[in-house]
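Working through the structure, step by step
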Amino acid sequence: MAFKAKSAAETKAADLASALIRIADRDGAPLNVGVDRLRQGNPRLTPLAIGQTFRKYRDSLDAALAERGYVLVDYADRGPGRGMEFEIAPA
């Protein structure tokens, strides 16, 4: 089987999933995670990148969270300047 390099978007999806998992492991679920908190762990996760990654790679985010025993309950994007928030609960 040939090696297939990940695109930058796929890498950001993996970064987003790992950031959400790290926060949930550290703080326990259920919890709400905002963009500022995600950016503390990975500054490459800009609000634009987070929104685009969520919309395009929702299935892979759900799968990564499910592997660790979490489920993404809700995602809210209130628009520029108002923030985004992920709600995570135990599976």
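Here, every reference points to the structure presented above.
Residue positions within a chain follow its written sequence, with the count starting from 1. Restriction of local features to residues with pLDDT of at least 70 applies here, the model being predicted, together with a cutoff of 80 or more for giving and counting side-chain atom pairs; totals for whole chains, interfaces and linings are based on all residues. As a rule here, side-chain values come from all non-hydrogen atoms in the structure, and water together with hydrogens is ignored.

1. Let's talk about the overall build of the protein chain
Segments assigned H or I by DSSP are reported as helices when at least four residues long, segments assigned E as strands when at least two residues long, and all are numbered from the N terminus. Secondary structure assignment for the protein chain yields 4 helices and 3 strands. Listed N to C, the secondary structure of the protein chain is α-β-α-α-α-β-β in terms of helices and strands. Relative to a compact globule of 91 residues, whose C-alpha radius of gyration would be 12 Å, the protein chain shows 13 Å and is just as compact. Only protein chains enter the accessibility calculation, which uses a 1.4 Å probe. A residue is then buried if its area is under 20% of the maximum for its type, exposed if over 50%, and partly exposed in between. Taken over 91 residues, the protein chain has a buried fraction of 34%. Radius of gyration here uses only the C-alpha atoms, and the compact-globule reference equals 2.2 Å multiplied by the residue count raised to the power 0.38.

2. Details of the sheet that holds strand 1 (residues 31-34)
The rule for pairing is simple: two strands pair if DSSP sees at least two bridges between them. Taken together, the 3 strands give an open sheet; going across it, the order is 1-3-2, and neighbouring strands pair in antiparallel fashion. Whereas interior strands pair on both sides, the edge strands pair on one side only; in this sheet they are strand 1 and strand 2 (70-77). Adjacent strand axes in the sheet meet at a mean angle of 25 degrees, parallel and antiparallel pairs treated alike. Both strand 1 and strand 3 (residues 84-90) contribute to a ladder of 4 bridges, which runs antiparallel. Axes here refer to lines fitted to C-alpha atoms; in helices the fit is confined to the stretch in contact. Angles between the N-to-C directions go from 0 to 180 degrees.

3. Considerations on the side chain of T53
Mapped onto the fold, T53 is located in helix 3 (residues 47-56). The contact criterion used is simple: two residues touch if any of their non-hydrogen atoms lie within 4.5 Å. When neighbours within four sequence positions are excluded, T53 is seen to be in contact with K12, A13, L16 and R58.

4. Digging into the pattern of salt bridges
Two side chains of opposite charge can pair, provided their charged atoms sit close to one another. When a carboxyl oxygen of Asp or Glu is within 4 Å of a side-chain nitrogen of Lys or Arg, the pair counts as a salt bridge. Per the counting criterion, the structure on display carries 5 salt bridges. For the salt bridge of D15 with R44, the shortest nitrogen-to-oxygen distance reads 3.4 Å. Here the residue D15 occupies a position in helix 1 (residues 8-27), and R44 occupies one in the loop between helix 2 (35-41) and helix 3, the gap between them amounting to 29 residues. The buried category is assigned to D15, whose relative accessible area is 18%.

5. Description of the environment of F86
Its location among the elements puts F86 in strand 3. Look at F86 and you get buried, because its relative accessible area is 1%. Between the C-alpha atom of F86 and that of N32, which follows or precedes it by 54 residues, the distance is 5.5 Å. If near-sequence neighbours (up to four positions away) are discounted, F86 is found in contact with L16, L20, L31, N32, V33, L38, I50, F54, L72, D74 and Y75.

6. Observations regarding helix 1
In this scheme, a helix's expected span is set at 1.5 Å multiplied by one less than its residue total. Over its 20 residues, helix 1 runs 28 Å from end to end, which matches the ideal 28 Å to within 8%, given 1.5 Å per residue. Within the span of helix 1, buried status applies to A13, D15, L16, A17, A19, L20, I21, I23 and A24. Looking at the packing, one finds that the buried side of helix 1 touches strand 1, helix 2, helix 3, helix 4 (58-67), strand 2 and strand 3. Note on helix 1: the residue one or two positions beyond its end, G28, has a positive phi of about 80 degrees.

Note that all results are geometric; they support no functional claim without further evidence.
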